[in-house]
Amino acid sequence: MKAIKQKYLFVFYFCLMQTAFVYGQTPYPQNYFRYPLDSLPNLVSPFGSLRDNHFHSGMDLRTNGREGLPVYAAADGFISRIKVQKNGYGKAIYIEHANGYSTVYGHLQKYHGAIAEWIHKYQYINKTFEFDKIFMKPFLLVKKGDTIGFSGNSGGSTGPHVHFEIRNSQTEKTLNPALFGIIPFDTLYPIITKIHVYKFVQEGLLLKKQIDLSSKNVIDVGFGPQWKDTLVLSSETFAFGLEAFDYIHNGRDEKGIYMYSLNHNSVPVFSHTLNEFAFDETKYINAHLDYAWYKLQKQRIQKCFISDGNLLGTYFTYGNKGKITPKIGEMGELMFWVQDNNKHTTSLRVIYKTVGTSQDADKLSYEQSIWGKRPILPGKSQTIVAPGLEIKMDPKSVYDTVYYELKVNPTPTNAFSEEYNFHTPLVPIHASFDIAIKPVACPVGLEKKLVLAYGNPKADNYNSIGGSYDKGWVRGKGSNFGNYTLLLDTIPPSIKWSKYKNDYDDSDTLRWDFDIRDNLSGISKYEAFLNEQWVLLDYDAKNHIVTYQWDEVLKQTAQKLWSSSMLEGEVPTVTMKIIVSDAKGNKQEREFRLMLPQNF
Ligand SMILES: [Zn+2]
């Protein structure tokens, strides 16, 4: 009797939570924020969609494959931050509003009006394209609907769109804009395509079975869609994962889902709801998903259970963190629920029966797989050494106990240390670890040009992960298991004149473009001088392009030169000197003699 009471009490409590957070009198103001574009809400990607190493922190607003659409302030407020980056959000604006929330607009092509003027001046005064300026007090004010900039594709964006966020101004947590009523029209229900069954063997986890839910395997006997077979489990600890997708009405783009949950015999045991998260939580996506499966199969299984080291705050669990241990001879019901941002809900029912304990090939093979290996434990800092190698794991480096392998291989061609094969990239790293490698046979005097290089053991290429030389070691940060070695970077970046063509915007031709690239350590400095005078370069890192947008410096130079050359009958030219350095201080310099534009 007592157990039943508790169960009902619990169900009631769970419903209450769902009501408070999902349906009912939400604390989120409705109709306060307008959609920041002229169109109706239309998304390329919703809040929380599953990305590499992060959940999508905002909504990606569709701009129909174009740049240059006006972007409007979503509500009254003041500009609280302007950030310009060669990657990331590119040209971004943050607005703080009086209701405790801030809005963010990323990947802009350019800024507008007084904001644009302020930024241009700031960049010239500080001689920098990239900056991150926070305004503590209202300075640049905006009204709801004011144009703040124009949509673009700047920074890390791979196609034109506006990245839009609503944040809590105090906590800096990012919130699902759908909670504020910004929801695109959608008639399609989410679909569950597969259920995955996991079995726990000590602290290890084995993927036991995939349930394919294509329509031929699904029936309806009055409880909604149900898997046509019965799942057979032994009386041990199991957990589940699901693959689910949501499409909006046009069915073109795959969207993330808003919520999913699991009930076991009508008791909620797990749910995950994308209302809000903090930026330092977003990398927990690697514990949220079956990471190895994603790396191998490129399919994202969302777990219905929580690893010990997973501190993402989007979960609700009851009992054993989503795991269940059925009793011998039991028949039971698993009910999976998936919901999109428009509250379309899809369920799936799976009936299971238990058949005693299987004694136990799984346990044996697991024990064999970890035989003789040492563990890395979550929650502990731990030092791992080998000849010429020192690694210090962060307490938050791993989510679960990892029995690791460490092999020392001979020095690869062109490398300046042994190759260290540190476990497998199929296991995720959360907080990066300190890594130090001792150089071998590095030419004297070039030690400062060494970089730590990371490579996937199966690929033959290495990428620089930075690092710096200090007292006989090259020290830096590792953020993956895999292969590490040292390489030498003595080659400066290249600089070329470029006839760069922006496929998404051909209106803007008042510019000169240069192609800049580096072979290893990456570009760290870029500068341009027009007739010896510093001028601003925009840097679009993904396209390897720096751009001089013709501005007042060229205008003034042109006025002077045109008037004097008219007397002498020459075609006036200017000199553009471009100087680019990489992270190891290798410097390249080139001068371009350019004809002055006539109609400028
Ligand atoms: Zn985005």
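Residues numbered from 1 in each chain as written. Predicted model: local features only at pLDDT ≥ 70, side-chain atom pairs only at ≥ 80, totals over all residues. Heavy atoms only, no water.

Moving on: the sheet that holds strand E45 (residues 573–582). With respect to topology, four strands assemble into an open sheet ordered E42-E41-E45-E46, the strand pairing being antiparallel. Here the strands that pair on one side only, and so sit at the sheet edges, are strand E42 (533–535) and strand E46 (587–595). Recorded for the sheet is a direction-independent mean angle of 30 degrees between the axes of neighbouring strands. In this structure, strand E41 (residues 523–530) lies alongside E42, joined through three bridges in antiparallel fashion. Residue pairing in the sheet places Phe 529 in a bridge with Trp 534 of E42. (Pairing = 2+ DSSP bridges. Helix = DSSP H or I, 4+ residues; strand = E, 2+ residues; numbered from the N terminus. Axes fitted to C-alpha atoms, helices over the stretch in contact; angles between N-to-C directions.)

Tracing the backbone through its elements, the reader meets Gln 109 in strand E8 (residues 101–111). Sequence separation between Gln 109 and Ser 432 is 323 residues, and the spatial gap between their C-alpha atoms is 33 Å. The contacts of Gln 109, once residues within four sequence positions are left out, are Glu 67, Gly 68, Lys 91, Phe 150, Ser 151, Gly 152 and Asp 505. Of the polar contacts made by the side chain of Gln 109, one reaches the side chain of Glu 67; its length is 3.2 Å. (Contact = heavy atoms within 4.5 Å. Polar contact = N/O pair within 3.5 Å; in protein donor to acceptor, adjacent residues only side chain to side chain.)

Time to look at the confidence of the model for the chain. A low pLDDT score tells you not to read the predicted coordinates there in detail. Mean pLDDT over the chain: 90, with 92% of residues reaching 70 or higher. In this model, residues 1–25 is a region of pLDDT below 50 whose contacts with residues beyond four sequence positions or in other chains number 27 contacts. (pLDDT = per-residue confidence, 0-100.)

Time to look at the sheet that holds strand E43 (residues 538–540). Taken in spatial order, the four strands line up as E39-E40-E44-E43 in an open sheet, and their pairing is antiparallel. Each edge of the open sheet is held by one strand with a lone partner, namely strand E39 (494–498) and E43. The mean inter-strand angle of the sheet, taken between neighbouring strand axes irrespective of direction, is 25 degrees. One ladder, built from five bridges, connects strand E40 (residues 511–517) with strand E44 (residues 545–549); its direction is antiparallel. Each bridged residue has a counterpart across the sheet, and for Asp 515 the counterpart in E44 is Ile 545.

Distances from the zinc ion to its protein donors, His 56 (NE2), Asp 60 (OD) and His 163 (ND1), fall at 2.0 to 2.2 Å. All donors of the zinc ion belong to a single chain; written as a sequence motif, their spacing is H-x3-D-x102-H. Taken together, the residues Asp 60 in strand E4 (residues 59–62) and His 163 in strand E12 (residues 161–168) connect sequence positions 103 residues apart. Classification of Asp 60 as buried rests on a relative accessible area of 7%. Judged by its relative accessible area of 3%, His 163 falls in the buried class. (Donors = N, O, S within 2.8 Å, 3.2 Å for Na, K, Ca; no water. Buried < 20%, exposed > 50% of the residue type's maximum accessible area, 1.4 Å probe, protein only.)

The residue Ser 307 is located in the loop between strand E23 (302–303) and strand E24 (315–317) in this model. Overall, Ser 307 belongs to the buried group, its relative accessible area being 5%. With 185 residues separating them in the primary sequence, Ser 307 and Tyr 122 have C-alpha atoms 46 Å apart. Contacts of Ser 307, omitting those with residues within four sequence positions, involve Ala 287, Lys 321, Tyr 399 and Asp 400.

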